[in-house]
Amino acid sequence: MKRLSIVAVIAVLAASPALTDGAITLPDIPSMTRDETADLLSALVVASVAAQNCEGFAISEAEQALLSDSAGILAARFELDPPQYNALFLHPAYSTMTQEGACEQEGPRISPLIEQLIGWGGSVTPGE
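Residues numbered from 1 in each chain as written. Predicted model: local features only at pLDDT ≥ 70, side-chain atom pairs only at ≥ 80, totals over all residues. Heavy atoms only, no water.

(A) Representation of helix α4 (residues 82-97). Along its length, α4 reaches its greatest deviation from straightness, about 30 degrees, at L88, and the proline P92 lies no more than four positions downstream. Looking at α4, one finds that the buried residues are Y85, F89, A93 and M97. (Bend = angle between axes of the 7 residues up to and from the residue. Helix = DSSP H or I, 4+ residues; strand = E, 2+ residues; numbered from the N terminus. Buried < 20%, exposed > 50% of the residue type's maximum accessible area, 1.4 Å probe, protein only.)

Okay, here's the thing in structure tokens:
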């Protein structure tokens, strides 16, 4: 049953509003401490929400998939089910984005996170 929950989390996290406009390769995210993993997962979720909601910081659908699928990898490491993921990471990300100046603060962090994932072997191949 726990395996099914992990698969469900990954499926939920991988879902995006539209089909990706290209192929992605998931990164090989290195082992980290529990706190480092939680910090990275939080950053990925906030970046994903910011990219979807902040004018001037939009990213491609493939880049969005890279962020959300990488978050799925980390959520699986924590063995989070969807309600846990929502409570611990998604709802706080939306809360962060309601604060004044959130887009200006969080938007510039999106590209460096994508580059970090690419540095770990992830990639995005834009569609035609």
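(B) The arrangement of the side chain of S48 in detail. Relative to the elements of secondary structure, S48 occurs in helix α2 (residues 34-53). For S48, the contacting residues outside a window of four places in its chain are Q64 and L67. (Contact = heavy atoms within 4.5 Å.)

(C) A look at the state of the cysteines. The full count for this structure, using the stated rule, is one disulfide. A disulfide bridge connects C54 with C103, and the sulfur atoms are separated by 2.0 Å. When the S-S torsion is -80 degrees, as for the bridge of C54 with C103, the disulfide is left-handed. Placement of C54 in the loop between α2 and α3 (61-78) and of C103 in helix α5 (residues 102-106) is noted, with a sequence separation of 49 residues between them. By relative accessible area, which is 4% here, C54 ends up buried. The class of C103 is partly exposed, set by a relative accessible area of 21%. (Disulfide = S-S within 2.5 Å.)

(D) Up close: the environment of S70. Summarising the element assignment, S70 is placed in helix α3. Using a relative accessible area of 0% as the deciding quantity, one classes S70 as buried. Sequence separation between S70 and D28 is 42 residues; the distance between their C-alpha atoms is 9.1 Å. Each residue touching S70, except ones within four places of it in the same chain, is listed here: L26, P27, I29, L44, A65 and L117.

(E) Structural context of the pattern of salt bridges. As enumerated under the stated definition, the model contains one salt bridge in all. For R109, the salt bridge goes to E106, with nearest N and O atoms at 3.2 Å. Assessed through its relative accessible area of 42%, R109 is described here as partly exposed. Judged by relative accessible area, which is 12%, E106 ranks as buried. (Salt bridge = Lys/Arg side-chain N within 4 Å of Asp/Glu carboxyl O.)

Scope: geometric values only; no functional claims are made or implied.
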